[in-house]
Amino acid sequence: MSADARTLINRSPMHPLQVVVVLITVGLNALDGFDIASISFASPGISEEWGVSRGALGIVLSMELIGMCVGSILLGGFADKYGRRPTILGCLVVMAFGMMLATTSKSVIDLSIWRIVTGLGIGGMLAATNAVAAEFSNDARRHFFVSLMVIGYPIGIFVGGAIIRPLLADYNWRTIFYFGAFATALFIPLVYFFVPESIHWLARKQPVNALERINKTLQRFKFTPVDSVPVLTEEAQKHSLSELFKGGLLFTTIAVTAAYFFHITTFYFIIKWTPQIVADMGFPPVTAGSVLNWSTVGGALGGALFGSLTFKFGLKPLTLVVLALSVITIIAFGNSPKDIVILSVLAAIGGFTTNAGVVGLYTIFAHVFPTHLRAFGTGFAIGVGRGGAALSPIIAGFLFEAGKGLAVVATVMALGSLLAAIVLVFLKLRAAVETD
């Protein structure tokens, strides 16, 4: 019998049920993608119905990012303290609730409140799913499967958009949130029945019946049961969430958080403003949504390619390359003529590079934080990053309102990826620790 179940997970070939767990995290991230983009799909209709200014619309577009900031930080810590599984289930309930009640909104204030609620659920779920994808993967496939999890985001935007576009032709923008609430609710039973608690978390936190729960999961994965949980050293028993901001982890936390903060401002410029930019050029809302969908197609391809390349190239240099390419492609998108084909191609290329950058950063999160801080560390980086990125659509909105052209606005917003690359140059990735 093995003394440590985590070694079995890390060193053994992956059982199909482990792959199923990772695929569910892909689906959960797809919900994140659709929920985040839902307000972008709805923005032309909201603008038309309520007659809101570009500045006010930019604020509405940012509200779930503010909720996500709080949710990622608070609920990421919850996932490390109480478990990945209950955190994900609770967040799904909150997300479905927020999406459904968004349909009752009568004003910008009402809608903003329900977008914050939805963001709370998304933030906590993101921190937990990143940890789940990493902890259910073996050492050989971890970078690839974390990358796969992240590309669920553009897939969710694309699939959701394909469903929503014909509905928008016959119904109003509230249909988007009805669909989002329904799709979110469908994942509650999937997670409940198919996603067990992380063995890494159980071995590290050792709650009541930890050994029994570990062996039950090992049996589902056709692994040999273990006869005991790992013996925790006195130092390990004293670990706390505050360690994220102490010693060698302090610089790591600051670096990855800053890099994510900067790059996500560039990423959300494309996600949040593309439909409105295209609509302002005179194209109908349905066409505007199709351009965003091309961006998500590129994003999915970029994430998949990035994950595949991690088998051959170093994680950090690969991430630096795609961040540099993000700068170039977003500036190119900002200089596009009013041609729907060219806009779609440039949006796809921009999505390819920016989402590959996001994939690289998520993979770095899973790599640099130890088990007892993985969800909180990821949640903190995502929370601060996306909370700060709430400024992205607001800044772009006020730049447009101030009379700046698309080329100028895109150039300003592209600088985020450049700053992220500069920060990452100084980050040193720690060696993988199999049973941390």
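Computed from a predicted model, the values in this text were never measured in an experiment.

Counting its secondary structure elements, the chain contains 18 helices and zero strands. Taken over C-alpha atoms, the radius of gyration comes to 21 Å for the chain, in line with the 22 Å a tight globule of 436 residues would show. Principal-axis analysis of the C-alpha atoms places the extent of the chain at approximately 70 × 45 × 35 Å. Going through the 436 residues of the chain one by one, you find that 58% of them count as buried. Charge separation in the chain, taken as the distance between the mean sites of 29 positive and 22 negative side-chain charges, equals 4 Å.

On to the packing of helix α6 (residues 142-150) against helix α15 (residues 340-368). At a minimum axis separation of 9 Å, α6 and α15 run at an interaxial angle of 130°. Judged by the inter-axis angle, α6 sits oblique to α15. Here the hand of the crossing between α6 and α15 comes out right-handed. Between α6, through His143, Val146, Ser147, Met149 and Val150, and α15, the contact on the second element is made entirely by Val358, Val359, Tyr362, Thr363, Ala366 and His367.

Once that is clear, we can look at α15. Compared with an ideal rise of 1.5 Å per residue, which puts 29 residues at 42 Å, α15 spans 42 Å between its outermost C-alpha atoms and is within 8% of the ideal. The N-cap residue of α15 is Asp339: its side-chain oxygen and the backbone nitrogen of Val341 are 2.9 Å apart.

Below, the discussion takes up the pattern of salt bridges. Tallied over the entire structure, the rule returns seven salt bridges. Between Glu135 and Arg374 there is a salt bridge, and its shortest N-O distance comes to 3.1 Å. Placement of Glu135 in helix α5 (residues 108-135) and of Arg374 in helix α16 (residues 371-389) is noted, with a sequence separation of 239 residues between them. Note on Glu135: relative accessible area 2%, which makes it buried. Across the pair Arg142 and Asp139 runs a salt bridge whose closest N-O atoms are separated by 2.7 Å. A residue is classified by how much of its surface remains accessible, and Asp139, at 33% relative accessible area, is partly exposed. What emerges from the salt-bridge pattern is a single network uniting Asp80, Arg84, Glu135 and Arg374.

Criteria and thresholds
Residues numbered from 1 in each chain as written. Predicted model: local features only at pLDDT ≥ 70, side-chain atom pairs only at ≥ 80, totals over all residues. Heavy atoms only, no water. Helix = DSSP H or I, 4+ residues; strand = E, 2+ residues; numbered from the N terminus. Rg over C-alpha atoms; globule rule 2.2 N^0.38 Å. Buried < 20%, exposed > 50% of the residue type's maximum accessible area, 1.4 Å probe, protein only. Lys, Arg positive; Asp, Glu negative; His and termini not counted. Charge placed at Lys NZ, Arg CZ, Asp CG, Glu CD. Axes fitted to C-alpha atoms, helices over the stretch in contact; angles between N-to-C directions. Parallel < 35°, antiparallel > 145°, perpendicular 65-115°, else oblique. Left-handed = near helix turned anticlockwise from the far one by under 90°. Contact = heavy atoms within 4.5 Å. Expected span 1.5 Å × (residues − 1). Polar contact = N/O pair within 3.5 Å; in protein donor to acceptor, adjacent residues only side chain to side chain. Salt bridge = Lys/Arg side-chain N within 4 Å of Asp/Glu carboxyl O.

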